Amino acid sequence: DPEVKTSTNMFGNNAGATIDSSKPFTFSQRYELEGGRLKVTTIMEQGERRVVLPMGPSDELDAMYKTGSLEKGMVLVTGYWTAGDMNWLDGQACGSAREMCSSAPAYISNWRITTNSGPAPGPSPGPSPSGSGKCCWKQCGTNCPETGDWCGQSAANCGQCGGGTWCQ
């Protein structure tokens, strides 16, 4: 299978990672032919920090190109789920122990699909904070992220975060 995985020093919820997933970042992928073979390059950028993950050329990617799969159309699919046996997917970063998850929400915003021409667009600025308060997961006083979090920027944003409760 064609795949490229990140490591905790490249991408993670901490300031020590090249890309700190607790802050907005730009994710882009380029699909290009190199000598008649398909190459996919994933780029994650955050300010001056950058992670580049090349994939291919490979027989699997070439099959996508030669069968016309790319020309027939692609669908952007995202998923957010948890299971104790997720190590088959992200074991490099999480090790081999049974995984534990906070079940806190994840936020994906500002999606854009563009062509390969030109640089990838950067993240849009979030809304300004409205009044005092904070967004807590499920109930006030528990699991309340910092106000820099998109949900914590306003009561309206918090209401769109499944399970978010605006607390004064």
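Thresholds applied
Residues numbered from 1 in each chain as written. Predicted model: local features only at pLDDT ≥ 70, side-chain atom pairs only at ≥ 80, totals over all residues. Heavy atoms only, no water. Helix = DSSP H or I, 4+ residues; strand = E, 2+ residues; numbered from the N terminus. Salt bridge = Lys/Arg side-chain N within 4 Å of Asp/Glu carboxyl O. Buried < 20%, exposed > 50% of the residue type's maximum accessible area, 1.4 Å probe, protein only. Phe/Tyr/Trp six-rings, centres within 6.5 Å; stacked < 30°, edge-to-face > 60°. Disulfide = S-S within 2.5 Å. Pairing = 2+ DSSP bridges. Axes fitted to C-alpha atoms, helices over the stretch in contact; angles between N-to-C directions. Patch = residues over 30% accessible without salt bridge, like charges linked within 9 Å, V, L, I, M, F, W, Y side chains within 5 Å. Areas by Shrake-Rupley, 256 points an atom, 1.4 Å probe, with all protein chains shown as cover.

Asker: Quick question: what am I supposed to make of unusual backbone geometry here?
Answerer: Leaving glycine aside, a negative phi is the common case for residues, and trans is the common case for peptide bonds. The step from Gly56 to Pro57 runs through a cis peptide bond, and the omega angle for that step is 0°. Looking at the secondary structure, you find Pro57 in the loop between strand 5 (49–55) and helix 1 (59–66).

Asker: Please clarify how the pattern of salt bridges should be interpreted in this entry.
Answerer: Oppositely charged side chains may form a pair once their charged atoms are brought near each other. Summed over all chains, the structure comprises six salt bridges. We note a salt bridge from Arg37 to Asp59, for which the minimum N-O separation is 3.3 Å. With a gap of 22 residues between them, Arg37 in strand 4 (residues 37–46) and Asp59 in helix 1 connect regions that are remote in the sequence. The exposure class assigned to Arg37 is partly exposed, which follows from its relative accessible area of 31%. You can call Asp59 exposed: its relative accessible area is 62%. Note that Arg50 and Glu45 form a salt bridge whose closest N and O atoms lie 3.2 Å from each other. What makes Glu45 partly exposed here is its relative accessible area of 26%. Residues joined by salt bridges that share partners form a network here, namely Arg37, Asp59 and Asp62.

Asker: Sorry, what's going on with the packing of aromatic side chains here?
Answerer: Two measures describe an aromatic ring pair: the distance that separates the ring centres and the angle between the ring planes. Within the structure shown, the criterion is met by one aromatic pair. Their ring planes at 75° and their centres at 5.4 Å tell us that Phe11 and Phe25 sit as a pair that is edge-to-face. Here Phe11, found in strand 1 (residues 11–12), pairs with Phe25, found in the loop between strand 2 (19–20) and strand 3 (26–34); they are 14 residues apart in sequence, far enough to count as distant. Residue Phe11 is classed as partly exposed on the basis of its relative accessible area, which comes to 27%. Of the residues examined, Phe25 reaches a relative accessible area of 28% and is grouped as partly exposed.

Asker: Please explain the state of the cysteines as it appears in this structure.
Answerer: Any covalent bond linking the sulfur atoms of two cysteines counts as a disulfide. Here the structure, examined in full by the defined rule, presents one disulfide. Paired through a disulfide, Cys140 and Cys167 show a sulfur-sulfur distance of 1.9 Å. With the S-S dihedral at roughly -100°, the linkage between Cys140 and Cys167 falls on the left-handed side. Separated by 27 residues along the polypeptide, Cys140 in the loop between strand 6 (134–137) and helix 4 (155–159) and Cys167 in strand 7 (residues 164–167) bring together distant segments of the chain.

Asker: Looking at this structure, how should I read the sheet that holds strand 3?
Answerer: Strand pairing in a sheet takes place through backbone hydrogen bonds and is either antiparallel or parallel in direction. With antiparallel pairing, three strands are arranged side by side in an open sheet as 3-4-5. The sheet is open, and its two edges are formed by strand 3 and strand 5, each paired on a single side. The sheet shows a mean angle of 20° between the axes of neighbouring strands, direction not considered. Taken together, the nine bridges between strand 3 and strand 4 define a ladder with antiparallel strand orientation.

Asker: Can you help me understand a nonpolar patch on the surface in this one?
Answerer: Together, Leu76, Ile108, Trp111 and Ile113 make up a nonpolar patch on the protein surface, roughly 500 Å² of accessible area in all. Tracing the sequence through the fold places Ile108 in the loop between helix 3 (87–94) and strand 6. Note on Ile108: relative accessible area 54%, which makes it exposed.

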